[in-house]
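Residue-level structural notes
Spelled out, the chains give:
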Amino acid sequence: MNRLLFMGCTAYLLVGLAHVIIGSLLTELLDHYHLHYSNGGQLIFTQFSGFLLGVLLVPWMTAKFSKRTTLIMMLVGLGLAQIAYGFLPPWPFMYVIGFIAGAGFGSIEAIVGTLIIESIHEKKAKAMSRLEVFFGVGALIMPVVAGWMIYIGYWYLSFYIIGAAALLLALGFKLLPFGQAEAHLSRKVSKTTKAAIPLRYNNKEKYILLFCILFFLIYVGSEMSLVNFLPSFLIVNLHLDSVSATNSVTYFWLTMAIGRVFTGIIADKVNHAAFLLWSTFGAVIFTVLFAFVFNSWTAFAVVLLIGLFMSGIFAISLIYANHLLPGKTESTTSILIASGGIGGALMPLMIGWLMDHYSVSAAVLFIISGTVILLIMSFIAYRVRGNTVVPSTGK
């Protein structure tokens, strides 16, 4: 079981790397192809469209091929797509590659998350928080690597690093034994589990699910918009060089990773609705402040605080949603991750368009609007369910 958790954490580390590499290298990519921010938004949109398809295909693929085989296939696909990115082919091919890469890391995230929930019977929230920490570490490391590669003039080699890591991880899942967890990697258990999951939601649950879908769509869209365009915001507004601007993403993910370390501990002690309310309140305050910063040090400080307040929102809202919709963990988790993929596709597309046709300020205002909606929704959840303390076991 420890081996499965270790490999799962490594997979989430890889997913974190893959999630932010385009944002980390966006300015260099657009300069290389002589394109505009709208084109960058389209590439991110294509990647997250692939993410959505990958998540939605997971139940069918794991039933047909088993979780292990599907995971290996998607890791290989992600690895080859990243290597193809590194060759810098004609721009239209980048959309195809982006779609494949997105499908790869989307399905990997869904499969590994489901494996951990199925295989670990105690302290599920702690295990899931650990996965999220490694995701944050991957997203933290990538801008550092990208910044160094930009500095030495070989930024495109960053894609090869992720590609090689994905192929090595696929080999690990192919060759390593996983003890008792082997049953959960097999086709037989996948079919049984799929058949046992109640997929129907009653009318009340449908409204709750719709509310959660909207929340995840806006949250992931806001997070991915910020992560992918943060360097561009700082380059345009504060005239920072590419390396310094790229490092800002590292600061964001630093506090995201630190915050996620303590998310599981806090989840044991506080009301989850209250946690979400205060987290979204802090996100609103500091994204508003970000619109008014005029020097690099203030900007970096605000970015650190935005990352800290946003760090626990995804994990706690996922646990909270599953508490409100008991008995449907796999279907609810897949639907909400897919909803996040839609937000991660649509909102960056809008950000790129706003930056090209209006200004960076308009793009930042759009992100602020998203965090305000999250705050309002968190307040509604607190008022409706504020007296419910959700257990952190994930059961």
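Residues numbered from 1 in each chain as written. Predicted model: local features only at pLDDT ≥ 70, side-chain atom pairs only at ≥ 80, totals over all residues. Heavy atoms only, no water.

**Concerning unusual backbone geometry**
The cut-off we apply is this: Per the convention used, a helix needs a DSSP run of H or I reaching at least four residues, while a strand needs a run of E reaching at least two, with both numbered from the N terminus. Remark: exposure states derive from per-residue accessible area (1.4 Å probe, protein chains only) relative to the maximum for the residue type, with buried under 20%, exposed over 50%, and partly exposed in between.
One non-glycine residue, His34, adopts positive backbone phi at about 55 degrees. Residue position: His34 is located in the loop between helix 1 (2-33) and helix 2 (37-65). Look at His34 and you get exposed, because its relative accessible area is 68%. Despite not being glycine, Leu88 has its phi angle at roughly 50 degrees, a positive value. Here Leu88 lies in the loop between helix 3 (67-86) and helix 4 (91-119).

**A look at the packing of aromatic side chains**
Under the convention used in this document: By convention, a stacked pair of Phe, Tyr or Trp rings (six-membered ring in the case of Trp) has centres within 6.5 Å and planes under 30 degrees apart, an edge-to-face pair has planes over 60 apart, and any other such pair is tilted. Should the NZ of a Lys or the CZ of an Arg lie within 6 Å of a ring centre and within 35 degrees of the ring normal, that charge is described as sitting over the ring.
Per the counting criterion, the structure on display carries 16 aromatic pairs. Consider the rings of Trp155 and Tyr156, whose centres lie 6.1 Å apart with planes at 80 degrees: the pair is edge-to-face. Counting every residue linked through ring pairs, the aromatic cluster contains Tyr33, Trp91 and Tyr95. Positioned above the aromatic ring of Phe65 is the side chain of Lys64, whose terminal nitrogen or guanidinium carbon lies 5.8 Å from the ring centre.

**A short note on the environment of Phe294**
Counting through the fold element by element, Phe294 comes out in the loop between helix 11 (272-290) and helix 12 (296-310). Judged by its relative accessible area of 70%, Phe294 falls in the exposed class.

**Here's the deal with the nonpolar core**
This is how the line gets drawn: Take the buried residues of types Ala, Val, Leu, Ile, Met, Phe, Trp, Tyr and Cys, join any two whose side-chain atoms come within 4.5 Å, and each joined set is a nonpolar core. Contacts are assigned to residue pairs that have any heavy atoms within 4.5 Å of one another.
Within the largest apolar cluster, 124 residues are counted, with the highest numbers of intra-cluster contacts made by Phe233, Trp253 and Phe290. In terms of residue count, the dominant contributor to this core is helix 1 (18 residues). Residues contacting Phe290, with those up to four places away along its chain left out, are Leu230, Phe233, Leu234, Val302, Val303, Ile306 and Val364.

**With respect to the side chain of Glu109**
Here is the rule we go by: Charge counting treats Lys and Arg as positive and Asp and Glu as negative, with His and both chain ends excluded. Here a salt bridge means any side-chain nitrogen of Lys or Arg lying within 4 Å of a carboxyl oxygen belonging to Asp or Glu.
Structurally, Glu109 is set in helix 4. In this structure, Glu109 is buried with no salt-bridge partner, the nearest side chain bearing the opposite charge being Arg260 at 8.2 Å. Aside from chain neighbours lying at most four places away, what touches Glu109 is Tyr12, Val15, His19, Phe51 and Phe314.

**A closer look at the packing of helix 9 (residues 203-238) against helix 12**
We apply this condition: Only the stretch in contact is used when a helix axis is fitted, and all axes are lines through C-alpha atoms; the angle between N-to-C directions ranges over 0 to 180 degrees. Oblique is the label for every angle not falling under 35 degrees (roughly parallel), over 145 degrees (roughly antiparallel), or within 65 to 115 degrees (roughly perpendicular). Under the scheme applied here, ten amino acids are nonpolar (Ala, Val, Leu, Ile, Met, Phe, Trp, Tyr, Cys and Pro), four are charged (Asp, Glu, Lys and Arg), and all others, including Gly, are polar.
It is the contact of helix 9 with helix 12, at a shortest axis distance of 12 Å, that shows an interaxial angle of 175 degrees. One element, helix 9, and the other, helix 12, form an angle in the roughly antiparallel class. Of the residues in helix 12, those in contact with Tyr219, Glu223, Leu226, Leu230, Leu234 and Leu238 of helix 9 are Ser296, Ala299, Phe300, Val303, Ile306 and Met310. Grouping the constituent residues of the contact of helix 9 with helix 12 by class yields 10 nonpolar, one polar and one charged.

**Comments concerning the packing of helix 2 against helix 9**
So the rule is basically this: Take the far helix as your reference; a near helix turned counterclockwise from it by less than a right angle gives a left-handed crossing, and one turned clockwise gives a right-handed crossing.
Where helix 2 contacts helix 9, the axes come no closer than 11 Å and their chain directions differ by 165 degrees. Considering their axes alone, helix 2 and helix 9 lie roughly antiparallel with respect to each other. Pair helix 2 / helix 9 crosses with right-handed handedness. Contacts between helix 2 and helix 9 involve Tyr37, Gly41, Ile44 and Phe48 on the former and, on the latter, Met224, Asn228, Phe229, Ser232 and Val236.

**Structural notes on the confidence of the model for the protein chain**
Interpretation of this model should avoid reading the predicted coordinates in detail wherever pLDDT is low. Convention followed: By definition, pLDDT measures how confident the predictor is in each residue, and it falls between 0 and 100.
Confidence in the prediction of the protein chain, expressed as mean pLDDT, is 82, and 88% of residues score 70 or more. Low confidence marks residues 188-198, where pLDDT is under 50. Its contacts with residues over four positions away, or in another chain, come to 18 contacts. Note that residues 386-395 has pLDDT below 50 and, in this model, 25 contacts with residues that lie over four places away or in other chains.

**Considerations on the pattern of salt bridges**
By the definition in use, this model includes one salt bridge. A salt bridge links Glu132 to Arg260; the nearest nitrogen and oxygen atoms lie 3.5 Å apart. Separated by 128 residues along the polypeptide, Glu132 in helix 5 (residues 124-152) and Arg260 in helix 10 (residues 242-267) bring together distant segments of the chain. Since its relative accessible area comes to 6%, Glu132 is described here as buried.

**Topic: helix 12**
Put simply, the rule reads: A helix is expected to span 1.5 Å multiplied by its residue count minus one. Note that the arc is computed from the directions linking the helix axis to the C-beta atoms. Counting of polar contacts relies on pairs of N or O atoms within 3.5 Å, with two restrictions inside protein: one atom must be capable of donating a hydrogen and the other of accepting it, and residues adjacent in sequence are counted only when both atoms are side-chain atoms.
For helix 12, which comprises 15 residues, the first-to-last C-alpha distance of 21 Å matches the rise-based estimate of 21 Å (1.5 Å per residue) to within 8%. Along helix 12, the residues that are buried comprise Ala299, Phe300, Val302, Val303, Ile306, Gly307 and Met310. End-on, the buried residues of helix 12 take up no more than an arc of 165 degrees, which puts them together on one face. Between a side-chain oxygen at the N-terminus of helix 12 and the backbone nitrogen of Trp297 the separation is 3.3 Å; the capping residue is Asn295.

**Here we look at the side chain of His19**
For His19, the position within the fold is in helix 1. If sequence neighbours within four positions are ignored, His19 has contacts with Gln47, Phe48, Phe51, Phe105, Glu109, Phe135, Met224 and Asn228.

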